[in-house]
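# Analysis of the macromolecular model
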Amino acid sequence: MEAPKDDFLKKMQGCQLEILKEMKKLCEKNDIKFYLAFGTALGAIRHKGFIPWDDDIDLYMRIEDIGKFVALQNQLPSNLFIQTRGNETEYGLLIVRIRNTDTTLIEADHVDRDINHGVYIDIYPLFYCPDSYLKMKWIIVLSFLCRLFAYNAPPMNKGGVSTAFSKILLSIFPNRLKRSLSNRIYDYMTSRPKSRYVSNIPDVSLGKRFLDEWFQEPSIGTFEGEEMPLPSKPEDYLTYEFGDYMQLPPKEKQCVHHNYLFADFEHSYREYKGVKYCIKEK
């Protein structure tokens, strides 16, 4: 059933919060650090929870801890699935998602992909990036290629030139080689020597860098009544990301940002294959 518009956000946020709480338990048990990120961190500081119109949960985790976390799949409840490009070939994103397999959330970007389509939260890997601005430019180029070959489709809403160039590159290489190139580029990007700066995918493709000192021992904030880890210097981080972060955006920008096509918070996405996603053309 379609989620009614008036309670869609409430149900979405509730489902995401339950995933986050289970993830936090697992990380605390195994001494793995993570941090609330982007609008989730902002929500914790400004609203003590979700930004009222926010429709997702975003987290940061150090690249060295990502592998440790993924290996703990069997310690999560059976309905939660750690989704990576390694365990689902068609997934194609370079971030990690934790999905609730008992739910359904179909997005326009993934509607044709045979993957886990449960409600999710995102984990963005933090890795060192160059101090040098010139070397950073090279990482930006590599990031574009890495994401393009991993997703194996032109980027959306990036302009005609970018789309045309992407299509040419994708047509040159066979799928197997594209996956191999993406993995090699990713490993190169995320294994740089320790430096003053860290970044993440996709921010690195925009040249964004954060001070490494912002992501040491987490500070603690309140998120929907739960204690949650924030960047070590949340005010510095949020100022960098949002400027005057305590100021509410204009009314017209207080809206959801994802292109969700269908949601069902009580039934598994598996029931909708061929109906809501991976629909074969007749």
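Treat the numbers as computed from the prediction; the structure is a model and nothing was measured. (Residues numbered from 1 in each chain as written. Predicted model: local features only at pLDDT ≥ 70, side-chain atom pairs only at ≥ 80, totals over all residues. Heavy atoms only, no water.)

Our next topic: the nonpolar core. Counting residues in each nonpolar core, the largest one holds 48 residues, and the members touching the most others are L20, M23, Y60, F69 and Y237. In terms of residues, this core owes the most to one element, helix α1 (residues 5–29), which gives six residues. Membership of the second largest hydrophobic core comes to 20 residues, among which are I139, C146, F149 and V204. (Core = buried A, V, L, I, M, F, W, Y, C linked by side-chain atoms within 4.5 Å. Buried < 20%, exposed > 50% of the residue type's maximum accessible area, 1.4 Å probe, protein only. Helix = DSSP H or I, 4+ residues; strand = E, 2+ residues; numbered from the N terminus.)

Before going further, it helps to spend a moment on the side chain of N116. Relative to the elements of secondary structure, N116 occurs in the loop between β5 (104–107) and β6 (119–129). Once residues within four sequence positions are removed from consideration, N116 is found in contact with F81, Q83, E88, R99, T101 and Y269. (Contact = heavy atoms within 4.5 Å.)

On to unusual backbone geometry. Between I201 and the following residue, P202, the backbone shows a cis peptide bond with an omega angle of 20°. You can see P202 is positioned in the loop between β7 (197–200) and β8 (210–211). Located in the positive-phi region is K48, a residue other than glycine, with phi close to 60°. The residue K48 is located in the loop between α2 (38–46) and β2 (58–62) in this model. Its identity is not glycine, yet E224 carries a phi of approximately 55°, on the positive side. Checked against the element boundaries, E224 lands in the loop between β9 (219–223) and β10 (226–230). Judged by relative accessible area, E224 falls into the partly exposed class, the value being 37%.

All buried positions along helix α7 (residues 234–242) are accounted for by P234, Y237, L238 and E241. When α7 is viewed along its axis, its buried side chains cluster within an angular range of 95° and face the same direction. On its buried face, α7 is in contact with α2, β2, β8, β9 and β10. With its phi angle positive at about 75°, G243 sits one or two positions after the end of α7. (Arc of directions from axis to C-beta.)

Here we come to the side chain of H110. Residue position: H110 is located in the loop between β5 and β6. Residue classification places H110 among the buried positions, given a relative accessible area of 3%. Residues in contact with H110, not counting those within four places in the same chain, are Y91, L93, R97, R99, I115, H117 and Y151.

Moving on, we come to the packing of α2 against α7. Following both chains from N to C, one finds α2 and α7 inclined at 125°, their axes separated by 10 Å at the closest point. Comparing the axis directions of α2 and α7 gives the class oblique. α7 is crossed by α2, and the crossing has left-handed handedness. Contact residues: F38, G39, A41, L42 and I45 in α2; P234, Y237, L238, E241 and F242 in α7. Partitioning the contact of α2 with α7 into residue classes produces eight nonpolar, one polar and one charged. (Axes fitted to C-alpha atoms, helices over the stretch in contact; angles between N-to-C directions. Parallel < 35°, antiparallel > 145°, perpendicular 65-115°, else oblique. Left-handed = near helix turned anticlockwise from the far one by under 90°. Nonpolar A, V, L, I, M, F, W, Y, C, P; charged D, E, K, R; others polar.)

A few words on the packing of aromatic side chains. Tallied over the full model, the rule gives 19 aromatic pairs. When the ring of F8 is compared with that of F265, the centres are 5.9 Å apart and the planes differ by 50°; the resulting orientation is tilted. Taken together, the residues F8 in helix α1 and F265 in the segment after β11 (260–264) connect sequence positions 257 residues apart. Considered together, F8 and F265 belong to a single accessibility category, that of buried residues. Here the aromatic rings of F215 and Y237 are separated by 5.9 Å at their centres, their planes lie at 75°, and the arrangement is edge-to-face. Remark: Y237 occurs in helix α7 and F215 occurs in the loop between β8 and β9; sequence separation between them is 22 residues. Judged by relative accessible area, which is 1%, F215 ranks as buried. Three or more aromatic residues link up through ring pairs in this structure, and these residues are Y35, F38, Y60, Y124, F210, W214, F215, Y237 and Y240. Positioned above the aromatic ring of Y151 is the side chain of R113, whose terminal nitrogen or guanidinium carbon lies 3.8 Å from the ring centre. Over the aromatic face of Y188 sits the side chain of R192, whose NZ or CZ is 3.9 Å from the ring centroid. (Phe/Tyr/Trp six-rings, centres within 6.5 Å; stacked < 30°, edge-to-face > 60°. Lys NZ or Arg CZ within 6 Å of the ring centre and 35° of its normal.)

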